[in-house]
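Per-entry structural report
Each chain, letter by letter, is given below.
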Amino acid sequence: MFTKTKKCYSPHEKSYYQNKQATGATILILITMLFIATSATTSIPISSSSSPSSSSMIRFQKPLSQLRRSIKYHYPLISPKHLTKSLPCPLWSSSFSFCLQQLHTSSPSSLSRSSFSAAAPFCTFSPLMAYQNPSPVVSSPQEEVVELKDNPLLKDFDFPPFDVVEAKHVRPAIRAILSDLENELVELEKSVEPTWPKLVDPLEKLVDRLQVVWGVVNHLKSVKDSADLRSAIEEVQPEKVKFNLRLGQSKPIYNAFKAIRESSDWNTLSDARKRIVEGQLKEAVLNGVSLEDDKREQFNKVQQELEKLSQKFEENVLDATKKFEKLITDKKEIDGLPASALGLAAQTAASKGHEKATAEEGPWMITLDAPSFLPVMQHSRNRSLREEVYRAYVTRASSGDLDNSPIIDQILKLRLEKAKLLGYNNYAEVSMAMKMATVEKAEELLEKLRTASWDAAVQDMEDLRKFSQEQGAVEASDLSHWDLSFWSERLRESKYDINEEELRPYFSLPKVMDGLFSLAKTLFDIDVEAADGLAPVWNNDVRFYRIKDSLGNPIAYFYFDPYSRPSEKRGGAWMDEVVARSRALARNGASARLPVAHMVCNQSPPVGDKPSLMTFREVETVFHEFGHALQHMLTKEDEGLVSGIRGIEWDAVELPSQFMENWCYQRDTLMSLAKHYETGETLPEEVYLKLLAARTFRAGTQSLRQIKFASTDLELHGSYIPGGSESIFDIDRRVSKKTSVIAPLPEDRFLCGFSHIFAGGYAAGYYSYKWAEVLSADAFSAFEDAGLDNEKAVKETGRKFRETVLALGGGKPPLDVFVQFRGREPSPEALLRHNGLLAATAPA
């Protein structure tokens with residue numbers, strides 16, 4: 001019986017939610033988290049039948065009595081990740097896009113980053129209006145003098161000055177803002193009253209200045225990393241965290257929210273405002289507001305240390321990924337690699353000093369960045385090369401100065417200590433306090449999906465062994481990890497006559513984006529138009545877009561950074577907010593500030609005169625992240641703390657992102673974007689049918705991998721005892737016995753690169769990808785029921801999806817939003833059907 005619901009996609013975040021990623025419904029958490037946070041808990045049923053009246057339906061609900069014990073992790077829940085959302089994904093398929101940048105624990109939720117109006121759609125931000133003193137501020141001996149009046153982070157701007165911000169600007173800007181905000185907080189605490197104008201509005205405005213600047217800085221660290229920028233962030237981060245804790249533990253603010261909750265006017269508040277108040281109260285408890293002095297001091301120390309450890313963990317992963325470089329000069333060693341991979345490898349070699357490198361003659365540089373790593377694993381006939389690259393990947397950041405093993409142990413130890421301080425048994429309970437699920441329900445869902453996937457995964461392995469044997473492979477009787485992707489691709493090609501590399505010419509980035517925007521027009525009645533030059537960007541490859549409603553009015557904006565840049569950009573894909581829709585931060589007579597987002601991917605860049613030619617998985621990833629962005633940008637909720645992706649429970653935030661992926665398999669949509677970049681020829685019908693048939697190829701294996709990651713996550717945060725008889729790698733191997741058909745290598749240290757849970761928002765929350773998959777698959781089934789070839793019905797259903805899932809944000813519990821759209825509670829039937837696992841059974 002299917003008794004649990006789950007969410008998220010990414011890596012999941014995805015993430016944000018990468019993602020992630022919904023941003024916290026509370027300001028207290030907004031400050032401590034960079035992107036998403038989940039808000040008030042809610043009951044969430046999931047049915048094992050498509051009928052809403054099924055007797056097997058189980059409701060998941062947390063009683064209000066748990067309110068005082070509810071606790072939420074400042075940054076890990078936000079990732080969003082950033083809604084975050086997200087980090088490099090352990091799997092390379094649509095189901096594992098790394099969503100939500102909010103995965104960064106070091107990134108606070110960007111509550112409001114600038115001011116927008118319909119009349120003047122640019123955001124004007126003045127973070128330092130009170131600072132008129134032009135005297136220089138020197139933050140470190142190595143840093144040149146930067147006068148406040150010349151600091152781009154402290155100037156008025158329409159859109160963030162991504163193009164001119166440097167490391168030297170970070171320290172003086174953050175310190176100046178923190179000094180100002182400390183004074184403002186003192187004044188607010190003196191004058192606070194339990195009313196919206198005297199409490200919520202000024203609080204939202206107060207945190208906005210820090211959010212916008214910190215958001216810019218942290219984003220640049222993700223997409224334009226440098227040693228100087230890292231150093232600057234590391235120096236001021238403790239000061240930022242200290243202020244966040246000070247705000248999150250403010251008793252005058254907490255008491256004012258309590259007074260609103262207990263007032264006679266409570267029942268007159270809108271659903272959104274009730275969600276904000278209840279979320280603020282929970283977040284305050286989770287932030288330690290109820291702790292006594294000694295315990296609060298220890299809690300704050302733990303928070304500071306966790307922030308530093310998570311940042312160091314991510315930096316180690318990035319550095320370890322960049323550190324591996326294999327230069328190949330012998331053409332025989334790269335046999336089997338497709339032209340696109342050879343072109344990228346030569347381009348990488350040229351960037352490393354081999355100026356004369358060509359795709360045809362080399363030399364070629366192989367790295368652990370996904371666009372380089374994946375083609376090697378899937379297509380290289382050089383088995384020793386596959387083995388070398390695979391071993392390097394699964395042992396990243398596990399030795400020497402970049403070893404994340406002791407960092408993981410310390411993170412888990414501190415998270416457990418934090419849970420105990422807050423009155424919980426373990427950190428998994430802390431994580432679930434602000435989610436739809438409970439630990440038991442999450443585990444129950446994972447086991448349900450595991451048993452449905454196991455037999456199919458076993459058959460997947462048998463099929464590979466048989467096929468490789470038929471091809472005369474010497475390794476057929478003893479397939480290793482570095483053989484699986486290679487023989488999977490050969491079997492896929494044989495079974496469906498599909499070669500992913502041969503499909504690339506049909507998926508050029510410009511055509512894919514045109515098709516995506518056309519779909520958005522059909523479903524949601526919006527127009528997406530290029531607005532390059534309107535806003536500063538951090539790299540010349542970044543595009544900027546404007547979204548208009550049916551009347552031609554601007555309603556949102558977003559950046560798109562599509563290409564891999566291993567030397568400065570972290571891996572994965574994510575969406576994050578730049579600013580959120582907000583009534584309180586509206587300007588120039590507008591009713592609300594307009595939202596701005598950014599989408600970041602890591603696909604293959606253009607090579608020579610060719611545009612970026614995408615794999616089908618990269619197409620799915622773009623659709624996925626755009627789904628997150630749509631929920632942020634198409635919100636109609638004006639209360640800034642629950643608009644867009646904010647305030648949405650973490651395990652529901654992947655619904656729109658995973659929902660959008662389904663359209664990659666819908667015929668009209670796919671044919672609209674699958675155009676040969678040279679001839680304009682549409683993807684042949686027979687190829688589309690093969691793609692459709694191949695959708696469930698090795699679905700059992702892919703499902704088990706996600707379940708393994710989610711189960712390991714819950715074990716580490718639920719039952720693992722730091723310093724006990726089992727190591728983190730013992731836990732990983734034990735979980736693998738039930739979730740992996742082939743055991744991991746003894747030296748496998750994948751956990752050392754598992755940024756989702758150790759440097760992001762998915763700690764004890766990775767299950768969210770599967771939880772939200774249930775919701776997203778069932779949501780898409782509404783379009784199937786209406787008839788995918790019925791344009792009128794599709795448009796009507798699309799408008800309904802926009803008015804509920806995309807428009808309501810965190811202003812209502814996600815279960816209520818789902819029921820409002822679907823007319824019933826969610827069922828796992830659609831997910832199992834889409835994966836070809838509906839009738840599957842497996843032994844325990």
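Residues numbered from 1 in each chain as written. Predicted model: local features only at pLDDT ≥ 70, side-chain atom pairs only at ≥ 80, totals over all residues. Heavy atoms only, no water.

Going by the annotation in an unreviewed UniProt entry, the name recorded for the protein chain is oligopeptidase A, with Papaver somniferum given as the source organism. UniProt, in the comment section headed Sequence similarities (unreviewed entry), describes the protein chain in these words: "Belongs to the peptidase M3 family." On record in UniProt, under Catalytic activity (unreviewed entry), the comment for the protein chain is "Hydrolysis of oligopeptides, with broad specificity. Gly or Ala commonly occur as P1 or P1' residues, but more distant residues are also important, as is shown by the fact that Z-Gly-Pro-Gly-|-Gly-Pro-Ala is cleaved, but not Z-(Gly)(5)." (UniProt positions renumbered as here; feature names shortened; annotations may be inferred.)

**Let's talk about the packing of helix α25 (residues 791-806) against helix α26 (residues 814-822)**
Interhelical geometry of α25 versus α26 gives an angle of 160 degrees and a closest axis separation of 9 Å. The angle between the axes of α25 and α26 places the two elements in the roughly antiparallel class. Once α25 is placed against α26, the crossing between them reads as right-handed. In this structure, α25 uses T797, K800, F801, T804 and V805 to contact α26, whose residues at the interface are V817, Q820 and F821. Across the contact of α25 with α26, the residue classes break down as 4 nonpolar, 3 polar and 1 charged. (Axes fitted to C-alpha atoms, helices over the stretch in contact; angles between N-to-C directions. Helix = DSSP H or I, 4+ residues; strand = E, 2+ residues; numbered from the N terminus. Parallel < 35°, antiparallel > 145°, perpendicular 65-115°, else oblique. Left-handed = near helix turned anticlockwise from the far one by under 90°. Contact = heavy atoms within 4.5 Å. Nonpolar A, V, L, I, M, F, W, Y, C, P; charged D, E, K, R; others polar.)

**Topic: unusual backbone geometry**
In this chain, G362 is followed by P363 through a cis amide linkage whose omega measures 0 degrees. Mapped onto the fold, P363 is located in the loop between α8 (339-351) and β4 (364-367). Even without glycine at this site, D497 takes up a positive phi of about 55 degrees. Here D497 is to be found in the loop between α14 (481-496) and α15 (500-503). Exposure remark for D497: the relative accessible area of 57% places this residue in the exposed category. With phi around 60 degrees, D525 is a residue other than glycine that occupies positive phi space. Tracing the backbone through its elements, the reader meets D525 in the loop between α16 (509-524) and β5 (527-530). (Buried < 20%, exposed > 50% of the residue type's maximum accessible area, 1.4 Å probe, protein only.)

**Brief notes about the sheet that holds strand β9 (residues 596-603)**
If you walk across this open sheet you meet the 5 strands as β5-β6-β7-β9-β8, and the pairing is mixed. Sheet topology places β5 and β8 (574-579) at the edges, where each strand pairs with a single neighbour. Strand after strand, the sheet turns through a mean of 25 degrees between neighbouring axes, direction not considered. Here β5 runs beside strand β6 (residues 543-548); their pairing, made up of 4 bridges, is antiparallel. (Pairing = 2+ DSSP bridges.)

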